[in-house]
Amino acid sequence: AQSVTQPDIHITVSEGASLELRCNYSYGATPYLFWYVQSPGQGLQLLLKYFSGDTLVQGIKGFEAEFKRSQSSFNLRKPSVHWSDAAEYFCAVGAESSSNTGKLIFGQGTTLQVKP
Amino acid sequence: KAGVTQTPRYLIKTRGQQVTLSCSPISGHRSVSWYQQTPGQGLQFLFEYFSETQRNKGNFPGRFSGRQFSNSRSEMNVSTLELGDSALYLCASSSGGWDTQYFGPGTRLTVL
């Protein structure tokens, strides 16, 4: 069965420091991978996605992620964190299957706290 | 383009009642997916509609149902509410297939 694991439930970084949020997935075929961000009381905003091609993908707000098939990982990175990046981050995988249309499987989320 | 809209944003109901939530997708999108978000279970897929047909369903009891109209707007209904149904209900729209899902702000349901 497909699954997504975000090993870090909570991360605290200083403003200006670099950030890496980890995501591991379990899926037999090539997955469709996404990172979303959620601010308190809000819906999910797409940061970036990987469907195929270049394994390093760029997203909004200065985020990037790298797909590593050998490690079943899709880690999110940002070189310099801003206080406004404090939020909850979700990694998600979509199933390439006609019986699983429209279904994203989400990790449990990582809450990012930014220290001034 | 306007984003995904959900109404109402907040709801308070009591156990045993039923509730209907509405989702208007981005113009031109024909697929609408629904998710339940709770602190304990995280984000879980409820169902997906495309062109008025339910194509996929998650592992939820039959009390959870939905429908989609010809203009792609979707509703979900929860009957015989339980305390455990308290959650943020999110809908997402896409053009279908494996295009990106865009999420609405959610409806916060509280069951007392």
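This text goes with the structure placed above it.
First, a word on scope: everything that follows refers to the structure included in this document. (Residues numbered from 1 in each chain as written. Chains lettered and ligands numbered in written order. Predicted model: local features only at pLDDT ≥ 70, side-chain atom pairs only at ≥ 80, totals over all residues. Heavy atoms only, no water.)

## Things to note about the pattern of salt bridges
Residue and element names in this part refer to chain A. Enumeration according to the criterion identifies nine salt bridges over all chains in this entry. In this structure, Arg 77 engages Glu 64 in a salt bridge whose closest nitrogen and oxygen atoms are separated by 3.2 Å. Residue Arg 77 is found in strand 9 (residues 73-78), and its partner Glu 64 is found in strand 8 (residues 64-68); the two are separated by 13 residues along the sequence. The exposure class assigned to Arg 77 is partly exposed, which follows from its relative accessible area of 22%. A salt bridge links Lys 78 to Asp 85; the shortest N-O distance between them is 2.8 Å. Using a relative accessible area of 10% as the deciding quantity, one classes Lys 78 as buried. Overlapping salt bridges, with partners in common, bring together Glu 64, Glu 66 and Arg 77 in one network. (Salt bridge = Lys/Arg side-chain N within 4 Å of Asp/Glu carboxyl O. Helix = DSSP H or I, 4+ residues; strand = E, 2+ residues; numbered from the N terminus. Buried < 20%, exposed > 50% of the residue type's maximum accessible area, 1.4 Å probe, protein only.)

## Points about the interface of chain B and chain A
Each partner contributes to the interface: chain B provides 21 residues, whereas chain A provides 24 residues. On the chain B side of the interface with chain A, the three residues burying the most area are Leu 43, Trp 98 and Phe 103 of chain B, jointly 39% of the side's total. At the junction of chain B with chain A, the criterion picks out zero salt bridges. At the boundary of chain B and chain A, one finds four residue pairs in polar contact (both at pLDDT 80 or more). Secondary-structure elements contributing two or more residues to the side of chain B that touches chain A are strand 4 (31-38), strand 5 (42-50), strand 6 (53-57) and strand 9 (87-94) of chain B. Ranked by residue count, the leading element in the side of chain B that touches chain A is strand 5 of chain B, at four residues. Split by residue class, the side of chain B that touches chain A holds eight nonpolar, nine polar and four charged. (Contact = heavy atoms within 4.5 Å. Buried area = accessible area lost by both parts, 1.4 Å probe. Polar contact = N/O pair within 3.5 Å; in protein donor to acceptor, adjacent residues only side chain to side chain. Nonpolar A, V, L, I, M, F, W, Y, C, P; charged D, E, K, R; others polar.)

## Things to note about the sheet that holds strand 1 (residues 5-7) of chain B
All names here are of chain B. The strand order 1-3-8-7 describes an open sheet built from four strands, whose pairing is antiparallel. One side of each edge strand has no neighbouring strand; the edge strands of this open sheet are strand 1 and strand 7 (64-68). Here the average twist between neighbouring strands, direction ignored, is 20°. As paired elements, strand 3 (residues 19-24) and strand 8 (residues 74-78) share five bridges and run antiparallel to each other. Opposite Ser 22, over in strand 8, you have Glu 75 as the bridge partner. (Pairing = 2+ DSSP bridges. Axes fitted to C-alpha atoms, helices over the stretch in contact; angles between N-to-C directions.)

## Considerations on the nonpolar core
Trp 35, Leu 48, Phe 74, Leu 76 and Tyr 89 of chain A are the most contacted members of the largest nonpolar core, which totals 27 residues. Of all the secondary structure elements, the ones that give two or more residues to this core are strand 2 (10-14), strand 3 (19-21), strand 5 (32-38), strand 6 (44-50), strand 8, strand 9, strand 10 (87-94) and strand 12 (110-115) of chain A. Sort the elements by how many residues they give to this core and strand 10 of chain A lands first, with four residues. The next biggest cluster of nonpolar side chains, apart from the first, holds 21 residues, and it includes Cys 23, Tyr 49, Ala 87 and Leu 109 of chain B. (Core = buried A, V, L, I, M, F, W, Y, C linked by side-chain atoms within 4.5 Å.)

Taken by themselves, the reported measurements are silent on function.
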